[in-house]
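# Examining the three-dimensional arrangement
The primary structure of each chain is shown beneath.
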Amino acid sequence: MTSQPSQGKLILLTGPSGVGKGTLVEELLKRHPEIWLSISATTRAPRTGEQDGKQYFFFNKDSFSELIENGGFLEWAEFAGNFYGTPRKPVEECLALGRKILLEIELEGARQVRKSFPNAFQVFLAPPSLIELERRIRGRDMDSEEAIQARLERAREEMDAKHEFDAIVVNDDLSLALKELEKFMGFESF
Ligand code: ADP
Ligand code: 5GP
């Protein structure tokens, strides 16, 4: 049986760095404040303007490892030299309350969640092309050249895995991509 958007309240959004996940999630939350977005923990340094507890919880490697050992992550993965993880407790609490939950995570984490929550609906957000993806990463002007290269290398691996997902949304025209995402999250189109 194919997965249906209505099956679960847990929605995963995965896609290469720079594809526009953050931009789309921001729009989704503005339009649907009832969505609960999981805030991840990371060992990556904050980018200009990022605040602890808002975009991420910024951890050092020791405290991140401690949380791994204590089973505090629903999933975690290494990405481009840093660790990222979804704190378990708030997700479980929101699931128990029947809320719509959105996780924005990379491929390895998505694979872990697929095992523990087979009813989660997994969306892969793809760029119109790798050239456009590179243009967006560089245009964002937030990463070092080394970080850009690491992200582009990982992007190719992620793109190869896109057919593992329940749905693929191409983020070419932002408003069309938003509409598609809304559909998969069970919102009517406006
Ligand atoms: P991610 O969260 O996936 O790393 P961002 O949301 O930070 O990506 O987007 C990367 C860059 O691409 C940003 O500068 C953003 O404004 C731009 N962007 C996002 N979606 C589109 C789109 N549909 N068309 C053109 N540029 C976009
Ligand atoms: P960035 O450093 O650009 O914010 O994020 C890099 C990558 O880490 C993105 O693909 C993003 O989706 C992913 N990511 C963010 N939070 C998590 C998380 O909690 N778990 C996993 N596995 N990946 C995450």
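Everything discussed here concerns the structure shown above.
Residues numbered from 1 in each chain as written. Chains lettered and ligands numbered in written order. Predicted model: local features only at pLDDT ≥ 70, side-chain atom pairs only at ≥ 80, totals over all residues. Heavy atoms only, no water.

What the four strands build is an open sheet, ordered β4-β3-β6-β5; its pairing is mixed. Looking at which strands have only one partner, the edges of the open sheet turn out to be β4 (56-58) and β5 (73-79). Strand-to-strand twist across the sheet, computed as the mean angle between neighbouring axes with direction ignored, equals 25°. Pairing of strand β3 (residues 40-42) with β4, which is carried by three bridges, proceeds in the parallel orientation. Its bridge partner being in β4, T42 is matched across the sheet by F58. Relative to β5, helix α2 (residues 61-69) is tilted by about 140°, and along the sheet it contacts β3, β5 and β6 (82-87). (Pairing = 2+ DSSP bridges. Helix = DSSP H or I, 4+ residues; strand = E, 2+ residues; numbered from the N terminus. Axes fitted to C-alpha atoms, helices over the stretch in contact; angles between N-to-C directions. Contact = heavy atoms within 4.5 Å.)

To continue, consider the nonpolar core. Within the largest apolar cluster, 24 residues are counted, with the highest numbers of intra-cluster contacts made by L13, L28, L102, V123 and M185. Elements that contribute at least two residues to this core include exactly β1 (10-14), α1 (21-31), β8 (121-126), α5 (130-140), α6 (145-160), β9 (167-170) and α7 (174-184). Leave out the neighbours within four places in its chain, and M185 touches I11, L28, I35, K100 and L102. Grouped together as the second largest cluster of nonpolar side chains are 18 residues, L12, L74, M159 and F165 included. (Core = buried A, V, L, I, M, F, W, Y, C linked by side-chain atoms within 4.5 Å. Buried < 20%, exposed > 50% of the residue type's maximum accessible area, 1.4 Å probe, protein only.)

In the region of ligand 1, 13 residues are neighbours, and G18, K21, G22, T23 and R140 sit closest. A distance of 2.5 Å separates an oxygen atom of ligand 1 from a polar side-chain atom of T23. Between N171 and ligand 1, the recorded distance is 2.9 Å, taken from a side-chain N or O atom to a nitrogen atom. Those elements that provide at least two residues to the shell around ligand 1 are α1 and α5. If one sorts the elements of the shell around ligand 1 by residue count, α1 sits on top with three residues. (Near = heavy atom within 4 Å. Polar contact = N/O pair within 3.5 Å; in protein donor to acceptor, adjacent residues only side chain to side chain.)

At a minimum axis separation of 11 Å, α5 and α6 run at an interaxial angle of 150°. Here α5 lies roughly antiparallel to α6, going by the angle between them. Considering only the axes of α5 and α6, their crossing is right-handed. In contact with L130, L133, E134, I137, R138 and R140 of α5, α6 contributes E145, I148, Q149, R151, L152, A155, R156 and M159. (Parallel < 35°, antiparallel > 145°, perpendicular 65-115°, else oblique. Left-handed = near helix turned anticlockwise from the far one by under 90°.)

Once that is clear, we can look at the pattern of salt bridges. The final tally for this structure, using the stated rule, is 15 salt bridges. Measuring nitrogen to oxygen at the nearest pair gives 2.7 Å for the salt bridge that ties E132 to R136. Residue E132 and its partner R136 are located together in helix α5, separated by four residues, close to a single helical turn. R136 shares its class with E132; the two are buried. The salt bridge partner of E134 is R138, with a shortest N-O separation of 3.1 Å. Of the two residues, E134 and R138 both sit in helix α5, four residues apart, roughly one turn of that helix. Connected through salt bridges with shared partners, the residues E108, R111, R114 and E164 form a single ionic network. (Salt bridge = Lys/Arg side-chain N within 4 Å of Asp/Glu carboxyl O.)

So, about helix α4 (residues 107-116). Residues of α4 that are buried: L107, G109, A110 and V113. In a view along the axis of α4, the buried residues occupy a sector of 155°, so they form one face of it. Looking at the buried residues of α4, the elements they touch are β1, β5, β7 (101-104), β8 and α6. The residue sitting at the N-terminus of α4 and contributing the capping side-chain oxygen is E106; that oxygen lies 3.0 Å from the backbone nitrogen of E108. (Arc of directions from axis to C-beta.)

Ligand 2 sits among 18 residues. The nearest are R44, Y56, Y84, E104 and R151. Measuring from an oxygen atom of ligand 2, one finds a side-chain N or O atom of S40 at 2.7 Å. Note that an oxygen atom of ligand 2 is positioned 2.5 Å from one of the side-chain N or O atoms of Y84. Protein chains bury 96% of the 510 Å² of accessible surface belonging to ligand 2 in isolation. (Areas by Shrake-Rupley, 256 points an atom, 1.4 Å probe, with all protein chains shown as cover.)

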